[in-house]
Every structure is written in C-alpha cells, then in structure tokens.
Amino acid sequence: MGVVEYDLVIAGGGPAGLTAGLYAARGKLRTLVVEKMAPGGQAASTFLIENYPGFPEGISGPDLAQAMETQAKRFGLETTFGEVKRLTPQGHFWEVEYEDRKLLTKAVIVCTGVDPRKLGIPGEEALKGKGVSYCATCDGPFFRDQEVGVVGGGDSAVDEALYLTRFASRVYLIHRRKALRAEKILQERAFQNSKIEILWDTIVTGVLGDKGVEGLEIMDVRTKDCRALKVDGVFFYVGLLANTEFLKGVVKLDDQGYVLTDENMATSVPGVFAAGDVRQKLLRQVSTAVGDGALAAFAAERYIESHRWWKS
C-alpha cells in the first residue's frame, strides 16, 4: 500500500465542492479539490444569483465562486486542475485517478455536478462554438445587436433569455409547451421585456448554417407546420445530465444517472459521499449545494475518525 496522500479528495469545485472543502479544511483534514474547469462550477457562469441568502441585490456567479474559493483556501484547502476519471477501492482506501495522476485518499466526496443536455438535432454539434452555445453569460456579448434564440422554458432558459436582452436586439424564447416552468418572478420579467418574443408550442428541429448559425428550423407541435427562423445564435437549456460516467459500477445511481445518497450524503459505498447537483434531489440551487457540501464534509470527517484502520 502506498502512502495515503490525502484525508479527503473532493471531485468537483462548484459551490458544493468548495463548501465541503471549507468545512473539511477547517476540520484539519488534508483536503484536495479536483476541478476540471474554473472554481465555482456552473454557478461561476451565471450572470446574477438573486436567491442566495445574504445578498439583497444579488451577486454575480464569478464573484461568489471567487469568494468561496478564497475563503476555503484561507484554511488550507488545496486545489488542482483536472477531471476525475476513475475511483478504485484499494483496501480500506480509495485510489483517485485524474489526468495523468493517481493518489490515495481515506474518503471521497463527489461534487461533479451536471452538464447541459443536448438535443442531438442536425447542425447542433457542427455549429457548437459557431453560434450554438449553452452559456449565455459566456457568449452573450458576442451577439450585440443581433437576434438569438433560447430553447427551453425553465429557470435557466428564462433567466438567460433576460440576460441576453442586454446585448441582442431580439430574443426568441422557444418552448415546446403553452406555459413556462420557470419561477413566477422570472416569467413576469420575461413577459414584460419588449425584446423577448415567446414562441409557444414550438420545437427546434435543426440548426441552419454553414460556417456559423444562420437560423433555426422550427416546428409547431400542434399543426406540425415547419418554418425557418432567422437568428444569429442559439442557446440551449433543455435539461441536465449528471457527470457520473466514472461512477457506474462503483456506487448506486438512479435511472437518470444521479447519485443516490442518504440524508448524510453517504452513497451506497463506505467512504464515498456525494453533494450538490450530481445527487438525486428535488431542488438544484446554490443554496442546496452549499448545505449538501457542509453535510458531506462533516459526514466524511466522522467516517474517517471512526475507522482507525487508517492509523495502522
């Protein structure tokens, strides 16, 4: 058995991972966060977070993520860039493989979050990064004084459509139903925004263009009539996919790939915990991710303390 390098490894550095890291580091556990993107996860790509307690005027996602990381590092949290590819049991320990490294740890907290679901329609993959986007905060400024489409009807779709009106001359919000699923306050803002036009009962069947997005092929789900809608870009918000491919056969997942945990964030396998959006849960928000992360870290600390085998 090699040297146990860490007490705790956290896969993912979003709000759940950074909170878990904060609690673990304050608890004097040698803790490493492995994050494949920028600290803060998807929250860091959100323009404005209005429903996180303590910020009456809201706070930008990047600012909140930076503050969380700075706070956790003050207590000794270590971070590194990489994507966890495999968890392998090694006796009482866990081998964590990421990029070209392998290390041993006493416990793991999975906070790998979710990625946007793709529709898989013609033109979507070919024009990704050429007008097809899944992040308005990242790419919205490229569409100043242009017309864009936003596909979806939930919180993310409506929130990002509102954000895009800062740049675009017209935002088409394309939703397959007759009613939005977003929070009422977001719906009201969208209805009152003159730059937003909602296309009800409509789906996108293709992305048009050669070197860049030139339009969308859309269909009315009631009449089955198809037509081309001229836009210069399109943003998809049609659901989420849990980042749990590396956990298949390791811990129990639900039929959608989300990690099953108990109320203390413990998975089906001792020593592995999960927190945040990657976990099966009713609500995926920064506030719930933070709560998950705190619980997971505390549970991991208790787990490590109660298993004296690691001292031998």
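Refer to the structure above for everything that follows.
Residues numbered from 1 in each chain as written. Predicted model: local features only at pLDDT ≥ 70, side-chain atom pairs only at ≥ 80, totals over all residues. Heavy atoms only, no water.

Undergrad: It is not clear to me how the packing of helix H1 (residues 15-26) against helix H6 (residues 286-306) should be interpreted in this structure. Could you clarify?
TA: Helix-helix packing is described using two parameters, namely the angle between the two axes and the distance between the axes. In contact at an axis separation of 7 Å, H1 and H6 are set at 35 degrees when each is read in the N-to-C sense. Considering how the two elements wind past one another, H1 and H6 form a crossing that is right-handed. Contact with H1, carried on its side by Pro15, Ala16, Thr19, Ala20, Tyr23 and Ala24, involves Val286, Ala289, Val290, Gly293, Ala294 and Ala297 of H6 and no other residues of that element. Among the residues forming the contact of H1 with H6, the class breakdown is 10 nonpolar, 2 polar and no charged. (Axes fitted to C-alpha atoms, helices over the stretch in contact; angles between N-to-C directions. Helix = DSSP H or I, 4+ residues; strand = E, 2+ residues; numbered from the N terminus. Left-handed = near helix turned anticlockwise from the far one by under 90°. Contact = heavy atoms within 4.5 Å. Nonpolar A, V, L, I, M, F, W, Y, C, P; charged D, E, K, R; others polar.)

Undergrad: Can you walk me through the side chain of histidine 175 in this structure?
TA: Tracing the backbone shows histidine 175 in the loop between strand S10 (170-174) and helix H5 (184-192). A polar side-chain atom of histidine 175 sits 2.9 Å from the main-chain carbonyl oxygen of alanine 179. When near neighbours in sequence (up to four residues on either side) are disregarded, histidine 175 contacts Gly152, Gly153, Leu180, Arg181, Leu199, Trp200, Asp201 and Thr202. (Polar contact = N/O pair within 3.5 Å; in protein donor to acceptor, adjacent residues only side chain to side chain.)

Undergrad: Would you take a moment to explain the sheet that holds strand S11 (residues 196-199) for this structure?
TA: Two strands in a sheet stick together by hydrogen bonds in their backbones, pointing the same way (parallel) or opposite ways (antiparallel). The parallel open sheet is built from 5 strands, whose spatial order is S8-S15-S9-S10-S11. The open sheet has two edge strands, strand S8 (132-133) and S11, and neither has a second partner. (Pairing = 2+ DSSP bridges.)

Undergrad: I would appreciate a short explanation of the nonpolar core in the present structure.
TA: The nonpolar side chains of soluble globular proteins are, as a tendency, buried together. The biggest cluster of nonpolar side chains holds 34 residues, and the ones touching the most others in it are Ile109, Phe273 and Val286. Residue assignment for this core shows that the elements contributing at least two residues are strand S1 (6-11), H1, helix H2 (61-74), strand S6 (101-110) and H6. Sorting elements by how many residues they give to this core places H6 first, with 9 residues. Not counting the four nearest positions on each side in its chain, valine 286 is found in contact with Pro15, Ala43, Ile49, Tyr52, Leu64 and Met68. Membership of the second largest hydrophobic core comes to 22 residues, among which are Val158, Ala161, Leu173 and Tyr237. (Core = buried A, V, L, I, M, F, W, Y, C linked by side-chain atoms within 4.5 Å. Buried < 20%, exposed > 50% of the residue type's maximum accessible area, 1.4 Å probe, protein only.)

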